[in-house]
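# Examination of the molecular architecture
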Amino acid sequence: MLDIRGAPCERAGVRSALLGGQSRDGLLAYGHASGADEAALFDSIREHQALGYRAIRVQTAVPGLGSVYGVASAPAAGGDRYDYEPARRAAVPTEEAWDTRAYLRHLPRVFEAVRAEFGPELPLLHDAHHRLTPVQAASLGKALEPYDLFWLEDCTPAENQEAFRLIRQHTTTPLATGEVFNTVWDYQTLIREQLIDYVRSAVTHTGGITPMRRLLDFAAQYQIKSGMHGPTDISPVGMAAALHLGLATHNFGIQEYMRHSPVTLEVFRTSYTFQDGYLHPGENHGLGVELDLAAARAHPYEPAYLPVNRQLDGTVHDW
Ligand SMILES: [Mg+2]
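The topology assignment puts His48 in helix α2 (residues 38-51). Using a relative accessible area of 4% as the deciding quantity, one classes His48 as buried.

In structure tokens:
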């Protein structure tokens, strides 16, 4: 077995080798920075850069609104700022408030400030989390063009594939969607008409490595790349599958990577590593993840819910 530069390597039983071998040395990963105000957001970006991230998703609070999707609460004094996790452990879901017009006014100002502080090179991403209409999404894409986003994610509900025609006609901001999709059929219009730039499906939600590979091969015909879903609710097994597939996939784009909690990593013993902005699947056979059932039994299930999102007049809105 040879590596990508022709040198011998011992990778015959590693999953990415079974998928045809590696296409690159490692996988560019992005992390989640956020802040309730500009100073907190800048601190969060710097913390992620210090952890090694070379691409960063930027989420911000909106003046006048309270808790908003994607914005981590402040870390406990002296504690690690653990990655944002939207599900709350409680008997019933919590509620968040939402005002689309306030968000659309505020977000371009935030990206202007981030670019002024961190310069033009750092790849920046943003997730609108399915909350906009097609014309609002088109407007936001245009407004963000000066700040050169790596992508604008889920700007409208993904299930309405035709909506992306309108958005695409109005903005050159790259678009990513698909974390709610389960099959290649969900992408037929989006990929064939080249309405998006990145597919966001997860291996675990798409039927496994083989269906995900077929989806990425379909996307490759249209110069569309991968951006596989990687929040902490994708288990380390799902993350390892994405890493091996991404390493072997020529049209890999970027990998979302939120760090799992120490407790999760007690249960799932992983061999993948993150270093200098890149993920490496590791050299253990198979996916390289071992499940410790005794450790799992020590941590019983706790109910947790995603929040309910309401407009200011109380109407339930896309979360
Ligand atoms: Mg998302």
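Within this structure, the stated rule accounts for 12 aromatic pairs. Ring centres of Trp98 and Tyr103 lie 5.0 Å apart, and the angle between their planes is 50°; on these two criteria the pair is classed as tilted. A relative accessible area of 6% places Tyr103 in the buried class. A network of ring pairs unites the aromatic residues Tyr30, Phe150, Trp151 and Tyr198 as a single cluster. Of note, Arg131 hangs over the ring of Trp98, and the distance from its end group to the ring centre comes to 4.5 Å.

In the structure shown here, the tally under the stated rule is two cavities of 30 Å³ or more. Estimated volume of the largest cavity: approximately 70 Å³. Around the largest cavity, the lining residues are Gln59, Thr60, Val62, Val68, Tyr69, Trp98, Tyr103, His126, Asp127, Ala128, His129 and Arg131. Broken down by secondary-structure element, the contributors of at least two residues to the lining of the largest cavity are β2 (56-60) and β4 (124-127). Tallied by class, the residues present in the lining of the largest cavity amount to six nonpolar, four polar and two charged.

A few words on helix α5 (residues 163-170). Of the positions making up α5, those classed as buried are Ala163, Phe164 and Ile167. The buried residues of α5 all sit within an arc of 85° when viewed along its axis, so they share a single face. Looking at the buried positions of α5, the neighbouring elements they touch are α4 (134-144), β6 (175-177) and α6 (188-192).

It is worth spelling out the coordination of the magnesium ion at this point. The protein atoms donating to the magnesium ion are Asp127 (OD), Glu153 (OE) and Glu179 (OE), with metal-donor distances spanning 2.0 to 2.2 Å. Here the donor residues of the magnesium ion are spaced in sequence according to D-x25-E-x25-E. One end of the pair, Glu153, is in strand β5 (residues 151-153); the other, Glu179, is in the loop between β6 and α6, with 26 residues separating them in the sequence. With relative accessibility at 0%, the residue Glu153 sits in the buried group. Taking relative accessible area as the criterion, Glu179 reaches 13% and is therefore assigned buried.

Definitions and cut-offs
- Residues numbered from 1 in each chain as written.
- Predicted model: local features only at pLDDT ≥ 70, side-chain atom pairs only at ≥ 80, totals over all residues.
- Heavy atoms only, no water.
- Helix = DSSP H or I, 4+ residues; strand = E, 2+ residues; numbered from the N terminus.
- Buried < 20%, exposed > 50% of the residue type's maximum accessible area, 1.4 Å probe, protein only.
- Phe/Tyr/Trp six-rings, centres within 6.5 Å; stacked < 30°, edge-to-face > 60°.
- Lys NZ or Arg CZ within 6 Å of the ring centre and 35° of its normal.
- 1 Å grid on protein atoms, 1.4 Å probe; cavity = no way out; pocket = protein on both sides within 12 Å on 5 of 7 lines; lining within 4 Å.
- Points joined across faces, edges and corners; volume = space filled by probe spheres on them.
- Nonpolar A, V, L, I, M, F, W, Y, C, P; charged D, E, K, R; others polar.
- Arc of directions from axis to C-beta.
- Contact = heavy atoms within 4.5 Å.
- Donors = N, O, S within 2.8 Å, 3.2 Å for Na, K, Ca; no water.

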